[in-house]
2 protein chains.
Amino acid sequence: MNSSPASIGILGGMGPAATVDLFDRIVRATPAQRDQDHIPILIVNDPSIPDRTAAILHGGEDPTPRLAAGIGKLAAMGADFIAIPCNTAHYYLPALSANTPIPLLDMIGETVDAVRREHPAVARVGVLATSGTLAVGLYQNALRAGGLTPVEPTPAEIEQMMDAIYGPQGVKTAGVTDAAHRGLQAVGQALIDRGAQVLILGCTEIPLALHGGDLPVPLVASSQCLAEAAVRVAFGS
Amino acid sequence: MNSSPASIGILGGMGPAATVDLFDRIVRATPAQRDQDHIPILIVNDPSIPDRTAAILHGGEDPTPRLAAGIGKLAAMGADFIAIPCNTAHYYLPALSANTPIPLLDMIGETVDAVRREHPAVARVGVLATSGTLAVGLYQNALRAGGLTPVEPTPAEIEQMMDAIYGPQGVKTAGVTDAAHRGLQAVGQALIDRGAQVLILGCTEIPLALHGGDLPVPLVASSQCLAEAAVRVAFGS
């Protein structure tokens, strides 16, 4: 490398296991042969950020002040830009970006870009995400803007997916369980049956329990797209 | 929980994969059923910290100023105490503690305590660690102070272990490889052959490539002991 990489700030805790996973994906995606080749990374893992889906759909506490506080803390520590490993939190990205001194990466946009780049022949894209992310159309709008057709889960499938993320056997509650894996796989298969040629894993907990090869179409993990974008931006390329 | 947990500061980057691993172990060791039950964690992953073994053994750049800077940054961000997932860096712990506003956990002491608590009948303890950690006797001294007998690698075995950590197929260079796994397993077996009843994995890269069941005696990973201590201290228990 010709110059030192920029510092990545990760605003995490939504949830903590997904934050570990993004950190891991960034370290693995970094071309490095010794500690000193790696990218400086600053992390605020703030699990007290109010639940994003609850705020969007059920009048829960607004997470914006705590999200803004975390971003401010990362900027003060020396982060050059910010990655937020929570898709639902991206609903607040426009408001946060307007009041933030450093750039915020857009995981939704990076993921849709990756689908178009890696799967140029695909037209119909399934979206696995939380009810909050789906209700505000984060992926549907970005896909349509990119000329792609979203394939969305039904209300019953959304409930099944939320159970795999938030339920008693869900990833946030119990870690990676067989029940969570089976639930996500079933919803993914239903989207494929309705024509999805690729699936976006549009909640950062989902790739913890659903992996490439689990379904007969390619899976594009939003967290992997965010990690690759962070490495690219850190090295200025 | 009756009250909010304290904030853990992780001073990492030595190396980054070992820092991901400590973060993962802390999240898994936390009794939590939703994001908001988790512990606030702040991480400075500073891969530019000069190599600790090179400084101790070969007159390399002193890492103390950058270690102190990272601790200062974590304290300023609101960390209540600090965990450092690098055993060799613990050589500098007395100097760092003397100039630090918040407590630093002692991974060496926590690991030896865990050996005594979990394996009370054991007398002879093998130590897998870097040449720097071994040369300054971090584990040997702590084991002897606890009434235990250290079983140390020979110079040839230390070279084999350093190759598994720093070599072309080592964990820091190439991730988890078969060569690194085989090298660490061979050195561990040699210590067992010389009487070790338990092995301390006293370098945070080692548990990435060597796991319980790989050898016929219990393995005590220093990073797991540090993670459990951090969770205990965060909850004030």
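Procedures and definitions
- Residues numbered from 1 in each chain as written.
- Chains lettered and ligands numbered in written order.
- Predicted model: local features only at pLDDT ≥ 70, side-chain atom pairs only at ≥ 80, totals over all residues.
- Heavy atoms only, no water.
- Helix = DSSP H or I, 4+ residues; strand = E, 2+ residues; numbered from the N terminus.
- Rg over C-alpha atoms; globule rule 2.2 N^0.38 Å.
- Buried < 20%, exposed > 50% of the residue type's maximum accessible area, 1.4 Å probe, protein only.
- Contact = heavy atoms within 4.5 Å.
- Areas by Shrake-Rupley, 256 points an atom, 1.4 Å probe, with all protein chains shown as cover.
- Lys, Arg positive; Asp, Glu negative; His and termini not counted.
- Charge placed at Lys NZ, Arg CZ, Asp CG, Glu CD.
- Salt bridge = Lys/Arg side-chain N within 4 Å of Asp/Glu carboxyl O.
- Pairing = 2+ DSSP bridges.
- Domains from an automatic or database assignment.
- Buried area = accessible area lost by both parts, 1.4 Å probe.
- Polar contact = N/O pair within 3.5 Å; in protein donor to acceptor, adjacent residues only side chain to side chain.
- Nonpolar A, V, L, I, M, F, W, Y, C, P; charged D, E, K, R; others polar.

**Looking at the overall build of chain A**
- Along the backbone of chain A there are 12 helices and 7 strands.
- Relative to the globule expectation of 18 Å for 237 residues, the C-alpha radius of gyration of chain A, 17 Å, shows essentially globular dimensions.
- Taken over the C-alpha atoms alone, chain A extends approximately 50 × 40 × 35 Å along its principal axes.
- Within chain A, buried positions represent 59% of all 237 residues.
- Contacts in chain A between residues at least 24 apart in sequence constitute 71% of all its contacts with a sequence separation of at least 6.
- A total of about 8,900 Å² of accessible surface is found on chain A, and carbon and sulfur atoms cover 51% of it.
- In chain A, 14 positive and 22 negative side-chain charges are present, and the distance between their average locations comes to 3 Å.

**So, the pattern of salt bridges**
- For the coordinates displayed, the defined rule picks out 22 salt bridges over all chains.
- Across the pair Arg-28 of chain A and Asp-24 of chain A runs a salt bridge whose closest N-O atoms are separated by 3.0 Å. Taken together, the residues Arg-28 of chain A and Asp-24 of chain A, both in helix α1 (residues 16-29) and 4 residues apart, mark about one turn of the helix.
- Notably, a salt bridge pairs Glu-118 of chain B with Arg-117 of chain B, separated by 3.9 Å at the nearest N-O pair.
- Here the residues in one salt-bridge network are Asp-35 of chain A together with Arg-52, Lys-172 and Glu-205 of chain B, joined through shared partners.

**A few points about the pairing of strand β6 (residues 198-201) of chain A**
All names here are of chain A.
- Judged by which residues are buried, β6 turns out to be covered on both faces: Val-198 and Ile-200 on one side and Leu-199 and Leu-201 on the other are all buried.
- Of the strand pairs in this sheet, strand β4 (residues 124-128) and β6 are connected by 4 bridges, and their pairing is parallel. Directly across from Gly-126, in β6, lies its bridge partner Leu-199.

**So, the domain arrangement of chain A**
All names here are of chain A.
- Partitioning chain A into structural domains gives domain 1 (8-106 + 225-234) and domain 2 (107-222).
- Contact with domain 1, which involves 25 residues of that partner, is made by 27 residues of domain 2.
- Summed over both sides, the interface of domain 1 with domain 2 buries roughly 1,900 Å², with 54% coming from carbon and sulfur.
- On the surface where domain 1 and domain 2 come into contact, there are 1 salt bridge.
- For the pair domain 1 and domain 2, the number of links is 17 residue pairs in polar contact (both at pLDDT 80 or more).
- Secondary structure elements with two or more residues in the side of domain 1 that touches domain 2: α1, α2 (52-58) and α12 (222-234).
- Looking at the side of domain 1 that touches domain 2 residue by residue, the class counts come to 13 nonpolar, 5 polar and 7 charged.

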